[in-house]
Amino acid sequence: MLARLDHNRLLRYAGLFTWVVIGLPLLLLTLPQPEVEQEVEAVEQAVLAGIWRAWLAWAVFGFCYAWLTRALGQRRVTVLDYTLLVWLAGSAVAISYYSQSGLGSILLMVVACVLPWLLPLWLGVALLVLCEFVIVPVYVQGIGLSLLEAVMQAVLYIGVTGFVFVTSLVARQQAQARDEQRRLNAEL
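Note on numbering: residues in each chain are counted from 1, in written sequence order. Only residues with pLDDT of at least 70 are given local features in this predicted model, and only at 80 or more are side-chain atom pairs given and counted; all residues enter the totals for whole chains, interfaces and linings. Neither water nor hydrogens contribute to the side-chain values; these are computed over all heavy atoms in the structure.

1. Here's the deal with the side chain of Ser168
- Think of it this way: any DSSP run of H or I at least four residues long counts as a helix, any run of E at least two long counts as a strand, and we number them from the N terminus. Take Ser168: it is sitting in helix 7 (residues 147–187).
- The class for Ser168 is buried, based on a relative accessible area of 1%. For the exposure calls, accessible area comes from a 1.4 Å probe over protein chains only, and a residue counts as buried if that area is under 20% of its type's maximum, exposed if over 50%, partly exposed in between.

Here is the structure:
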């Protein structure tokens, strides 16, 4: 079955699968916890409100990703695509902030898969680096890492995200070369 899928569909399905899997930790954070003292309960209510915002960001991410990848590389990029790309990256960051976790950094790897198809190389790299460093305060406050550890965590995610970005860039370049080859063969 996988042999019948083209590279665009494989990238799309892999991203959607990752998006769904990120919902599992959010689900665990949403489940009710055993009874605790009343003071802690108020804090848990605030955390729970953040989790529902994280779910909203998760849904926005899924919608934006599904829309942007519906015909990746086969249609013109519009202003709506750029807007949805900003929402896609913003919702990944929002998931980290609202859930106080690194889940958004994982979704930024999915964003990295889309960027080469929509943005120039330098702008895509800049967006990824910016988004990873925006999540550093979550690593410090939400996870409890020192500032140095948080920056190192962000740098590690940048490395993996960069690998995904380059892989997608190569896929885009190969698709363009294949289209050019078809065009040249048709001319002959």
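2. A look at helix 7
- By this rule the span expected of a helix is its residue count minus one, scaled by 1.5 Å. The terminal C-alpha atoms of helix 7 lie 59 Å apart, and with 41 residues this matches the ideal 60 Å at 1.5 Å per residue to within 8%.
- Within helix 7 the residues assigned to the buried category are Ala150, Ala154, Tyr157, Thr161, Phe165, Ser168, Leu169, Ala171, Arg172 and Ala175.
- Looking at the buried side of helix 7, the elements it contacts are helix 1 (7–30), helix 4 (103–118), helix 5 (121–134) and helix 6 (136–142). Here, two residues are considered to be in contact whenever any of their heavy atoms come within 4.5 Å of each other.

3. Quick notes on the packing of helix 3 (residues 79–99) against helix 5
- Structural elements are reduced to axes, namely lines fitted to C-alpha atoms, with helices fitted over the stretch in contact, and the angle between N-to-C directions of any two is expressed from 0 to 180 degrees. Helix 5 packs onto helix 3 with a crossing angle of 15° between their chain directions and a minimal axis gap of 10 Å. Here helix 3 is positioned roughly parallel relative to helix 5, judged by the angle of their axes. Crossing of helix 3 over helix 5 shows right-handed handedness. Note on element contacts: helix 5 touches helix 3 through Leu127, Cys131 and Val134, opposite Ala89, Val93 and Tyr97. Should an angle fall under 35 degrees it is taken as roughly parallel, and over 145 as roughly antiparallel, whereas 65 to 115 is taken as roughly perpendicular and any remaining angle as oblique. Throughout, a crossing is termed right-handed when the near helix is turned clockwise from the far one, and left-handed when it is turned anticlockwise from it by less than a right angle.

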